[in-house]
Amino acid sequence: MSDTLKVVSWNINSVRARLDIVERFLREEAPDVLCLQETKVRDDQFPEGIFRQLGYNHLILNGQPMHHGVAIISRVPLHKDERFDWQANGEARHVGARLENGIRIENVYIPAGGEIPDREVNPKFGQKLDYYARMTEWSAALETPTILLGDFNIAPLESDVWSHKKLINVVSHTKIEIDIMAKLQAAHGWVDIGRQFIPDPERLFTWWSYRAHDWKVADKGRRLDHVWVSPELAKKATSHVVHEDARGWTKPSDHAPLITEFKF
């Protein structure tokens, strides 16, 4: 393994439906590791062929038909794959692997949480909070240098959303979610790489709704996708960008890829 690593996180919203843009992205950006969320496909139906043709011969999958699903696809060897059920209901929302240098990559698709930010009337919101609580407990005991990335479904800062005032009571930007996300971050001292390279209060979005007629002009985005690293890895990161152009490609996902590079 070389002393550099290029890692991508992308909620693809169905890998089979968007295989053309995934292939385009891999040819243009050539990451070492691609972490996908919301793959929406069973493991035995995952379209491995195109990835192997492009040199991505190491795949760790945790899929489901029609819903959820995560995958780590890599040009470099992957070891010790794990799948944690942090939602405690069998949904495929996590997959993890160890690189040859000992660093772990943990890929998560955290529940969106429904539309009402109240666990008493909306069980989906409770599932989201419980997912965060289980991740927090895991983080507190973590001793291995780790890259934690994926769709966290929370935009914590005012500059992470197009309008703090209009979204303050909307799921993904409520105080209860921001507080529980902060507890997760503090449990391991996670470093938010997005804000290490693009400091608050600069605008930083990763998701734009399909409902927007012209997403780029309206720019009603949110930062729902994140890359966090263990404290000892923070200085190893050399760049981080959101590939916003991919949101405008043919049949796009509503999420843009996050590209993070490291030098060890």
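Everything below is about the structure printed above this text.
Here is what the cut-offs are and how they apply
- Residues numbered from 1 in each chain as written.
- Predicted model: local features only at pLDDT ≥ 70, side-chain atom pairs only at ≥ 80, totals over all residues.
- Heavy atoms only, no water.
- Pairing = 2+ DSSP bridges.
- Helix = DSSP H or I, 4+ residues; strand = E, 2+ residues; numbered from the N terminus.
- Axes fitted to C-alpha atoms, helices over the stretch in contact; angles between N-to-C directions.
- Core = buried A, V, L, I, M, F, W, Y, C linked by side-chain atoms within 4.5 Å.
- Buried < 20%, exposed > 50% of the residue type's maximum accessible area, 1.4 Å probe, protein only.
- Contact = heavy atoms within 4.5 Å.
- Phe/Tyr/Trp six-rings, centres within 6.5 Å; stacked < 30°, edge-to-face > 60°.
- Lys NZ or Arg CZ within 6 Å of the ring centre and 35° of its normal.
- Arc of directions from axis to C-beta.

1. Some remarks on the sheet that holds strand S14 (residues 258–263)
Moving on, step 1. With mixed pairing, 6 strands are arranged side by side in an open sheet as S3-S4-S2-S1-S14-S13. The open sheet has two edge strands, strand S3 (58–62) and strand S13 (237–242), and neither has a second partner. This sheet shows a mean twist of 10 degrees between the axes of neighbouring strands, independent of strand direction.

2. Quick word on the nonpolar core
Moving on, step 1. Counting 32 residues, the largest nonpolar core has Val 33, Ile 72, Ile 105 and Ile 147 as its most contacted members.
Moving on, step 2. Among all residues touching Ile 105, those that are not within four sequence positions of it are Val 7, Val 33, Cys 35, Ile 72, Val 95, Gly 96, Ala 97, Leu 99, Ile 147 and Leu 149.
Moving on, step 3. Counting 22 residues, the second-largest nonpolar core is a separate cluster that includes Val 15, Leu 26, Phe 46 and Tyr 56.

3. Brief notes about the packing of aromatic side chains
Moving on, step 1. The final tally for this structure, using the stated rule, is 10 aromatic pairs.
Moving on, step 2. Ring geometry for Trp 10 against Phe 25: centres 5.2 Å apart, planes inclined by 55 degrees, an arrangement best described as tilted. Of the two residues, Trp 10 is situated in strand S1 (residues 4–11) and Phe 25 in helix H1 (residues 19–29); the sequence distance between them amounts to 15 residues.
Moving on, step 3. Overall, Phe 25 belongs to the buried group, its relative accessible area being 0%.
Moving on, step 4. Relative to Trp 190, the ring of Trp 138 lies with its centre 6.2 Å away and its plane at 25 degrees, an arrangement referred to as stacked. One end of the pair, Trp 138, is in helix H3 (residues 123–140); the other, Trp 190, is in the loop between helix H5 (175–188) and strand S9 (191–192), with 52 residues separating them in the sequence.
Moving on, step 5. Between Arg 93 and the ring centre of Tyr 109, over which it is positioned, the NZ or CZ distance is 4.7 Å.

4. What about the sheet that holds strand S7 (residues 104–109)?
Moving on, step 1. Spatially, S5-S6-S7-S8-S12-S9 is the arrangement adopted by the 6 strands of the open sheet, whose pairing is mixed. Two strands bound the open sheet, and with one partner strand each, they are strand S5 (79–82) and S9.
Moving on, step 2. Two elements, strand S6 (residues 94–98) and S7, share 5 bridges in a ladder whose sense is antiparallel. By the bridge assignment for S7, Val 95 is matched with Asn 107.
Moving on, step 3. With respect to the sheet, H3 is in contact with S6, S7 and strand S8 (146–151), its orientation differing from that of S7 by roughly 170 degrees.

5. Side note on unusual backbone geometry
Moving on, step 1. Put simply, Asp 200 and Pro 201 share a cis peptide bond, and its omega is 15 degrees.
Moving on, step 2. Mapped onto the elements of the fold, Pro 201 is located in the loop between helix H6 (193–197) and strand S10 (207–208).
Moving on, step 3. Although it is not a glycine, Lys 251 sits at a positive phi angle of roughly 50 degrees.
Moving on, step 4. Position of Lys 251 relative to the elements: it lies in the loop between S13 and S14.
Moving on, step 5. Among the residues examined, Lys 251 registers a relative accessible area of 53% and is labelled exposed.

6. As for H1
Owing to its 3.6 residues per turn, the α-helix brings residues three or four apart onto one side.
Moving on, step 1. Within the sequence span of H1, burial applies to Ile 21, Val 22, Phe 25 and Leu 26. Each buried residue of H1 sits inside an arc of 140 degrees when the element is viewed along its axis, so together they form one side. Residues of H1 that are exposed and point more than 90 degrees away from the buried face comprise Asp 20 and Arg 27.
Moving on, step 2. Looking at the buried side of H1, the elements it contacts are S1, strand S2 (33–37), helix H2 (48–53) and S14.
Moving on, step 3. Following H1 by one or two positions, Ala 30 has its phi on the positive side, about 45 degrees.

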